[in-house]
Amino acid sequence: MIETKLAKSLMENEEGMNHLWIQILWEESVYQKSEMQIQLPKGIYRSHNLNGYAENERKQIVLDSKDKEVMIEIFTQDAIACGEVIISVTLFSCEKSISKEIPIHLVSEDEMDMVEIDEQVVERIKELGNANFPPTSEDTNIVFIQTKVLEARNNEFSYLEKKYRVDY
């Protein structure tokens, strides 16, 4: 069985970002290797999973029965049509496959003031971020910053990015 939650109830249709938390409820006493496929609508992209699980050449996440969750970041780069789109998550095992469809509401920037945040998903993202860099006794005062590679684009606000961007 698959349970899903989104960090935000709405996602901006241009340069928007959201997080998808996929929880896997395995049947007891079953040991199996599985692959999870995430099909995204045109114009929506995803990062590698934030849990650090291996991904095969088909961009499927490789799991076994001890893996209970997958967290991914989804985003838009260019403007896409507003409205509801569907993300399809399928878990393939040797015995069967389970699918779940997740609706995402794409809205313009002006409508983002009506967004609702799921605090449970936000807390889990923070926990995963801290788990990737566990502090040792000597490192308690060190702050880890994970940088992203950003794609340079030209739009009406590019001058603001050039003026105020801080590279770490």
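Definitions and limits used
- Residues numbered from 1 in each chain as written.
- Predicted model: local features only at pLDDT ≥ 70, side-chain atom pairs only at ≥ 80, totals over all residues.
- Heavy atoms only, no water.
- Core = buried A, V, L, I, M, F, W, Y, C linked by side-chain atoms within 4.5 Å.
- Buried < 20%, exposed > 50% of the residue type's maximum accessible area, 1.4 Å probe, protein only.
- Helix = DSSP H or I, 4+ residues; strand = E, 2+ residues; numbered from the N terminus.
- Salt bridge = Lys/Arg side-chain N within 4 Å of Asp/Glu carboxyl O.
- Patch = residues over 30% accessible without salt bridge, like charges linked within 9 Å, V, L, I, M, F, W, Y side chains within 5 Å.
- Areas by Shrake-Rupley, 256 points an atom, 1.4 Å probe, with all protein chains shown as cover.
- Lys, Arg positive; Asp, Glu negative; His and termini not counted.
- Charge placed at Lys NZ, Arg CZ, Asp CG, Glu CD.
- pLDDT = per-residue confidence, 0-100.
- Contact = heavy atoms within 4.5 Å.
- Pairing = 2+ DSSP bridges.
- Axes fitted to C-alpha atoms, helices over the stretch in contact; angles between N-to-C directions.

> Give a detailed account of the nonpolar core, specifying residues and quantitative values.
Among the nonpolar cores identified, the biggest contains 23 residues, and Met36 and Val89 are the most heavily contacted of them. When residues of this core are traced back to their parent elements, those giving at least two are strand S1 (2–6), strand S3 (17–24), strand S4 (33–39), strand S6 (61–64), strand S7 (69–76), strand S8 (83–92) and strand S9 (97–107). If you look at the next biggest cluster of nonpolar residues, it comprises five residues, including Trp21, Met71, Val121 and Leu128.

> I'd love a proper account of the side chain of Ser88, names of residues and values included.
Mapped onto the elements, Ser88 comes out in strand S8. For Ser88, a relative accessible area of 14% puts it in the buried group.

> Lay out the pattern of salt bridges in plain terms, naming residues and giving numbers.
Note on pairing: side chains with opposite charge can pair once their charged atoms come close. Across all of its chains, the model carries nine salt bridges by this definition. We note a salt bridge from Arg124 to Glu69, for which the minimum N-O separation is 2.3 Å. In this pair, Arg124 sits in helix H1 (residues 119–132) while Glu69 sits in strand S7, placing the two residues 55 residues apart along the sequence. Residue class for Glu69 comes out buried when judged on its relative accessible area of 10%. For the salt bridge of Glu123 with Lys126, the shortest nitrogen-to-oxygen distance reads 3.7 Å. Taken as a pair, Glu123 and Lys126 lie in helix H1 at a separation of three residues, close to a single helical turn. You can call Lys126 partly exposed: its relative accessible area is 48%.

> Any chance you could break down a negative patch on the surface for me, citing the residues and the numbers?
A cluster of acidic side chains, namely Glu14, Asp78, Glu109, Asp110, Glu111, Asp113 and Glu156, defines a negative patch on the protein surface. Tracing the sequence through the fold places Glu14 in the loop between strand S2 (10–12) and S3. Residue classification places Glu14 among the partly exposed residues on the basis of a relative accessible area of 35%.

> Quick rundown of the confidence of the model for the chain? Include the residues and the values.
Taken over all residues, the pLDDT of the chain has a mean of 83, while the share at 70 or more is 76%. Scored below 50 in pLDDT, residues 133–139 makes two contacts in the model with residues more than four places away or belonging to other chains.

> Tell me about the sheet that holds S7, and name the residues and values.
Spatially, S1-S3-S7-S5 is the arrangement adopted by the four strands of the open sheet, whose pairing is antiparallel. In this open sheet, the two edge strands, each paired with only one partner strand, are S1 and strand S5 (44–46). Taking each pair of neighbouring strands and ignoring which way they run, the sheet shows an average axis angle of 30 degrees. Here S1 pairs with S3 via five bridges, running antiparallel. Opposite Glu3, over in S3, you have Gln23 as the bridge partner.

> Would you mind going over the pairing of S3 in detail, with residue names and values included?
Of all eight residues in S3, six are buried; the element is thus mostly enclosed. Pairing analysis gives seven bridges linking S3 to S7, with the strands arranged antiparallel. Counterpart to Leu20 in the pairing with S7 is Ile72.

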